[in-house]
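An overview of the molecular structure
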Amino acid sequence: MKNFILLAATAIFLAGCSKSTSSYVNNPDIPDYLHNRPVGASANELLSASKYSSVKIEVQYMTGFQPDAAALAHLQNNLQSLLNKPGGITIITKEIPASSNLSLSVNDVYTIEKNNRTAFTNGSEIAVYILYTNGNYTDNNVLGVAYKNTSAVLFGKKINDNSGGFGQASRTKLVATVIEHEIGHLLGLVDIGSPMQVNHKDAANGNHCNNSNCLMYYASETSDILGILITGNIPSFDSNCRADMTANGGK
């Protein structure tokens, strides 16, 4: 679990600085390097207004797995308190066909993104892509993965099977926790693009916070969070994570 981000970054994007034309079907002319860099490489671009004044987040979901609307509203409100984007933060959703493969690797997810993504960084706006799948990750305990500088995935079947029912965590709380955790990685947390102001990295679990009450604690992207959310609230970024983002251009 602790190596998801680094494995995703190294296995697919060793050529992340290449300025070749895009491999995205819906925008073949966009420079590939804008969305083909390691997780955290766009942290300052997302947090600050120095290069991009607005953010568009495209959430694509597979048929039957539309993400919780209240969770997306929570995400937008949270980001408005963190990002210096005077031009605003927009979230759009789009349904795409379900995958026939119910066990997805990062390579599988990347292929789905290349074939379906429609929001791309352009002009003064930076774009983020979130995929909400009808399947699970190859590691069945994982709820979400950040795998490129502007891309992350939520594994919808695992999330839906474990939330919203009697005795289960709230669907809103679970979706908001996972999506905000993965975007936290895109914002450079922990120590992958937003330098730590004080050391708060959980050495045993990679690029995560050592505060078990923080949104960036490792459990927020695994099934370990399920029991916590039954009685607990959506976790927040702690003071150390917020300090890292502020120092890297955030509010």
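Structure first, text after, so check above.
My aim in this report is to walk through the structure given alongside it, one point at a time.

Definitions and cut-offs
- Residues numbered from 1 in each chain as written.
- Predicted model: local features only at pLDDT ≥ 70, side-chain atom pairs only at ≥ 80, totals over all residues.
- Heavy atoms only, no water.
- Salt bridge = Lys/Arg side-chain N within 4 Å of Asp/Glu carboxyl O.
- Buried < 20%, exposed > 50% of the residue type's maximum accessible area, 1.4 Å probe, protein only.
- Helix = DSSP H or I, 4+ residues; strand = E, 2+ residues; numbered from the N terminus.
- Pairing = 2+ DSSP bridges.
- Axes fitted to C-alpha atoms, helices over the stretch in contact; angles between N-to-C directions.
- Contact = heavy atoms within 4.5 Å.
- Parallel < 35°, antiparallel > 145°, perpendicular 65-115°, else oblique.
- Left-handed = near helix turned anticlockwise from the far one by under 90°.
- Nonpolar A, V, L, I, M, F, W, Y, C, P; charged D, E, K, R; others polar.

1. Description of the pattern of salt bridges
- Summed over the entire model, instances satisfying the criterion amount to 6 salt bridges.
- A salt bridge links Glu 45 to Lys 51; the shortest N-O distance between them is 3.7 Å.
- Judged by relative accessible area, which is 12%, Glu 45 ranks as buried.
- Between Asp 191 and Lys 201 there is a salt bridge whose closest N-O contact spans 3.8 Å. Of the two residues, Asp 191 is situated in the loop between α6 (171-186) and α7 (226-231) and Lys 201 in the loop between α6 and α7; the sequence distance between them amounts to 10 residues.
- Via salt bridges that share partners, Arg 37, Glu 45 and Lys 51 belong to a single interconnected network.

2. Brief notes about the sheet that holds strand β2 (residues 88-96)
- What the 5 strands build is an open sheet, ordered β2-β1-β4-β7-β6; its pairing is mixed. Only two strands of the sheet have a single neighbouring strand rather than two, namely β2 and β6 (144-148). Pairs of neighbouring strands in the sheet enclose a mean axial angle of 20 degrees, with direction left out of account.
- Strand direction decides the pairing type here: strand β4 (residues 125-132) and strand β7 (residues 151-154), joined by 4 bridges, are parallel. Along β7, the bridge assignment pairs Tyr 129 with Ser 151.
- Helix α3 (residues 69-80) rests against β1 (54-62) and β2 of the sheet, and its axis sits at about 155 degrees to β2.
- Of the strands in this sheet, β1, β2, β4, β6 and β7 are in contact with helix α4 (residues 106-116), which crosses β6 at around 65 degrees.

3. Section: the environment of Val 198
- Structurally, the position occupied by Val 198 is in the loop between α6 and α7.
- In sequence terms Val 198 and Pro 235 are 37 residues apart; their C-alpha atoms lie 21 Å from each other.

4. Considering the packing of α3 against α6
- Running from N to C, α3 and α6 cross one another at 40 degrees; their axes reach a closest spacing of 8 Å. Considered as vectors, α3 and α6 are oriented oblique to each other. Crossing angle aside, the handedness with which α3 passes α6 is right-handed. Counted together, Ala 70, Ala 71, Leu 72, His 74, Leu 75, Asn 78 and Leu 79 of α3 and Thr 172, Val 175, Ala 176, Ile 179, Glu 180 and Ile 183 of α6 form the full contact between these two elements.
- Class assignment for the residues of the contact of α3 with α6 results in 9 nonpolar, 3 polar and 1 charged.

By themselves, these figures tell us nothing about what the structure is for.
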